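Coordinate analysis (summary)
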Amino acid sequence: MQEFEAFLGVNFWNSLFALANLALLVFVMKKFLYGPVMKMIQSRQKEIDDLYSDANSAKASAQALQSEYQQKLSEAQQTSEQLVKEAVARGHSREEEILRNANAEAAAILDKAAADVAREKKKAVNDAKDEISVIALAIAGKVVGRELSDADQSRLVDSFIEALGDSQ
């Protein structure tokens, strides 16, 4: 068997030392290489997880801000629509008030003008009556050839005015 061992080159003590070296190498690598590498990997993983967490919270915050912005924009739009409606309503009421005032003023002016016309007509009629009565008295005095008394003058003027009023 010696020959076989020599042929393969397997020596028990060499194998034992190789195995011991391997175990020592694994222990040293685990102690000095695997631990720090695992710590570094865990710290990198923690950084990545933190980045994802920060990104997710930033995304959630952005969505909340966007939602709030949309809500405020909607409220502002509703407020502006309400203000426009109120302004239009105030404009219509003001327009109606102005029209009512203008119509009232126009009616007052027309009433005043009608009253002025009636007063002027009455004054003109009275002036005409006065002139006609003077002329009628003068004519009646010449026709009758005498002076008329106040009662006669009054009776003649009244009858003349009544005749004038009937002819109109």
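Residues numbered from 1 in each chain as written. Predicted model: local features only at pLDDT ≥ 70, side-chain atom pairs only at ≥ 80, totals over all residues. Heavy atoms only, no water.

Structural notes on the overall build of the chain
- Looking only at helices and strands, the chain features three helices and zero strands.
- Taken from N to C terminus, the helices and strands of the chain fall in the order α-α-α.
- In the chain, buried positions account for 3% of the 168 residues.
- Carbon and sulfur atoms form 62% of the exposed surface of the chain, whose accessible area is close to 14,800 Å². (Helix = DSSP H or I, 4+ residues; strand = E, 2+ residues; numbered from the N terminus. Buried < 20%, exposed > 50% of the residue type's maximum accessible area, 1.4 Å probe, protein only. Areas by Shrake-Rupley, 256 points an atom, 1.4 Å probe, with all protein chains shown as cover.)

Digging into the packing of aromatic side chains
- The tally for this structure, following the rule as stated, stands at one aromatic pair.
- Pairing Phe-12 with Trp-13 gives two aromatic rings, centres 5.5 Å apart and planes at 70 degrees, and the pair type is edge-to-face.
- Accessibility expressed as a relative area gives 56% for Phe-12, which makes it exposed.
- A relative accessible area of 52% means that Trp-13 is categorised as exposed. (Phe/Tyr/Trp six-rings, centres within 6.5 Å; stacked < 30°, edge-to-face > 60°.)

Thoughts on the confidence of the model for the chain
- On average, residues of the chain carry a pLDDT of 85, and 85% of them reach 70 or more.
- Within the chain, the element-level pLDDT minimum falls on helix H1 (residues 2–8), averaging 63, and the maximum on helix H2 (residues 12–144), averaging 89. (pLDDT = per-residue confidence, 0-100.)

Quick look at the pattern of salt bridges
- Taken as a whole, this structure holds five salt bridges when the rule is applied.
- With its nearest N and O atoms 3.8 Å apart, the salt bridge here joins Glu-47 to Arg-44. Note that Glu-47 and Arg-44 are positioned in helix H2 at a spacing of three residues, about one turn of the helix.
- Judged by its relative accessible area of 51%, Arg-44 is exposed.
- Salt-bridge contacts for Glu-68 lead to Lys-72; the nearest nitrogen and oxygen are separated by 3.2 Å. Residue Glu-68 and its partner Lys-72 are both found in helix H2; the two are separated by four residues, about one turn of the helix. (Salt bridge = Lys/Arg side-chain N within 4 Å of Asp/Glu carboxyl O.)

Focus: a nonpolar patch on the surface
- Nonpolar side chains collect at one region of the surface, where Leu-19, Leu-22, Leu-25, Val-26, Met-29, Leu-33, Val-37 and Ile-41 lie side by side and expose about 710 Å² of accessible area between them.
- Its place among the elements puts Val-26 in helix H2. (Patch = residues over 30% accessible without salt bridge, like charges linked within 9 Å, V, L, I, M, F, W, Y side chains within 5 Å.)

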